[in-house]
Amino acid sequence: GHLFSSWREVDLDEGLVDLDLRNDSDTPDVPPPTDSTPEILKRALSGLSARWKNWWIRGILTLAMISVFFLIIYMGSFMLMLLVLGIQVKCFHEIITIGYRVYHSYDLPWFRSLSWYFLLCVNYFFYGETVADYFGTFVQRREQLQFLIRYHRFISFALYLAGFCMFVLSLVKKHYRLQFYMFAWTHVTLLITVTQSHLVIQNLFEGMIWFLVPISSVICNDIAAYIFGFFFGRTPLIKLSPKKTWEGFIGGGFSTVLFGFVFSYFLAQHQYFVCPVEYNSETNRFVTECEPSELFQLKKYSVPLLLQAVLGWETVNMYPFQMHSIALSTFASLIGPFGGFFASGFKRAFKIKDFADTIPGHGGIMDRFDCQYLMATFVHVYITSFIRGPNPSKVLKQLLVLQPEQQLNVYRTLKSHLVEKGILRPSLRG
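Residues numbered from 1 in each chain as written. Predicted model: local features only at pLDDT ≥ 70, side-chain atom pairs only at ≥ 80, totals over all residues. Heavy atoms only, no water.

Visitor: Whenever I open this one, the state of the cysteines confuses me. Can you help?
Guide: Simply put, disulfide is the name for a covalent bond between the sulfur atoms of two cysteines. In this structure the tally under the stated criterion is one disulfide. The disulfide partner of Cys 275 is Cys 290, and the gap between their sulfur atoms is 2.1 Å. What sets the handedness of the Cys 275 and Cys 290 disulfide is the S-S torsion sign, and at about -90 degrees it is left-handed. With Cys 275 in the loop between α13 (271-274) and β3 (278-280) and Cys 290 in the loop between β4 (285-287) and β5 (299-302), the pair connects residues that are 15 residues apart, well separated along the chain. (Disulfide = S-S within 2.5 Å. Helix = DSSP H or I, 4+ residues; strand = E, 2+ residues; numbered from the N terminus.)

See the structure below:
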């Protein structure tokens, strides 16, 4: 009898939380977001049709966001890093809130607290790695920081384990499967938001141009596709996103490649944008001063025969980086939108129009950055695959941490290697 009743409990248990597995229409409804458009804008645009009203609201707020973005670029790389962190936390909050809203009726213990705790742990791990990589000299001067960096991975893992054990202790009968859904939900959200923002910061350290061109390309593609779609859109592109059209997709693609090419030409002329971001421990500031690499030095290129007839030029002066910008812009216009389609599918699964209502006409922060997430990974992979060679300053930092005998060993090995190559004279041995 006892065995039978426990089996029946399990069946009931599974029946309760299996609803959303069986049928999408059983997904709990999420309360609709409120309209956060400022009153002054509502009044000014009251005479327009809904379509044009949306156009103006989106247009005005897009210009406002771009202006703020340029202001932050002017303020320097540290402010950009804070911006990336802020956006990451807001995106995480929006996705977790959807999960919480969908399943809040089940009253899951500790779900939100644990989600934020995991966010803290993962950020501690990634930002700690960045500090160890790029702020080596600063860290070596401070005793208390040396301990944190030396055992950084162990501390991060211990923090994560504490959260993991808390989750296991929070498991409640009748909600087991749902709690595991939410555990997975939190971890996938972390994977999407935190790892990507870490890669964005890594790209920023390579030089601000590797941060600005990809991000601006995605923004340009978004705007151009919207404009082309608004005025010329006739053919639907994908069922997941009914407003997206082929005309917008193609028009946005060409505009983005052209924009990336021209924008790169202007950025490549300035040290501020092309030099790797480095931390100067003497002045306690980020510096962007260097001898620009070959990528950012003008070179003569011969124009293909087909284009010679059209342009009338045989050679052009260009920065090699502009060729790379074509690859980045092409990715932004061809693959970038799939991030948006993915987000559209996600929103449809939970019957919501937007992730939040933070920005009037645009939805939440996540709605604006859905296409950026794929882009950050692509740029990082692109730099490591095609651009970055061995980093001498990183090797030097590691050498300076070694014991004196080990440093002497490296010195002797390097010396004999240079002598063999004929770079040093053998007579210099001693």
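Once the structure has been displayed, the description carries forward.
Visitor: Help me out: how do you make sense of a nonpolar patch on the surface in this one?
Guide: Where nonpolar side chains cluster on the molecular surface, the patch consists of Leu 48, Trp 52, Trp 56, Ile 60, Ile 223, Ile 227, Phe 231 and Phe 232 and spans about 700 Å² of accessible area. Of all elements in the fold, only α4 (50-75) and α11 (209-232) reach the threshold of two or more residues within the nonpolar patch. Per element, the largest residue contribution to the nonpolar patch is four residues, and it comes from α11. Inspection of the secondary structure puts Leu 48 in the loop between α3 (39-44) and α4. Look at Leu 48 and you get partly exposed, because its relative accessible area is 35%. (Patch = residues over 30% accessible without salt bridge, like charges linked within 9 Å, V, L, I, M, F, W, Y side chains within 5 Å. Areas by Shrake-Rupley, 256 points an atom, 1.4 Å probe, with all protein chains shown as cover. Salt bridge = Lys/Arg side-chain N within 4 Å of Asp/Glu carboxyl O. Buried < 20%, exposed > 50% of the residue type's maximum accessible area, 1.4 Å probe, protein only.)

Visitor: How do you make sense of the nonpolar core when you look at a structure like this?
Guide: Soluble, globular proteins show a tendency: their nonpolar side chains are buried together. Core analysis: the largest hydrophobic core is formed by 43 residues, its most contacted members being Leu 80, Ile 209, Trp 210, Phe 211, Leu 212, Phe 296 and Leu 328. Contacts of Leu 328, omitting those with residues within four sequence positions, involve Trp 210, Val 213, Pro 214, Phe 321, Met 375, Phe 378, Val 379 and Tyr 382. The next biggest cluster of nonpolar side chains, apart from the first, holds 32 residues, and it includes Ile 95, Tyr 103, Phe 183 and Ala 343. (Core = buried A, V, L, I, M, F, W, Y, C linked by side-chain atoms within 4.5 Å. Contact = heavy atoms within 4.5 Å.)

Visitor: Would you take a moment to explain empty space enclosed by the protein for this structure?
Guide: Remark: the empty space left among the atoms is shown by a probe the size of a water molecule rolled over them. For the structure on display, the rule yields three cavities of 30 Å³ or more. Of the voids in this model, the largest cavity is the one considered here, and its volume is about 110 Å³. Surrounding the largest cavity, 13 residues form its lining, Phe 111, Leu 114, Phe 167, Gln 179 and Phe 183 being those nearest its centre. Within the residue set of the lining of the largest cavity, elements represented by two or more residues are α6 (111-134), α9 (152-170) and α10 (176-206). A breakdown of the residues in the lining of the largest cavity according to their chemical character gives nine nonpolar, four polar and no charged. (1 Å grid on protein atoms, 1.4 Å probe; cavity = no way out; pocket = protein on both sides within 12 Å on 5 of 7 lines; lining within 4 Å. Points joined across faces, edges and corners; volume = space filled by probe spheres on them. Nonpolar A, V, L, I, M, F, W, Y, C, P; charged D, E, K, R; others polar.)

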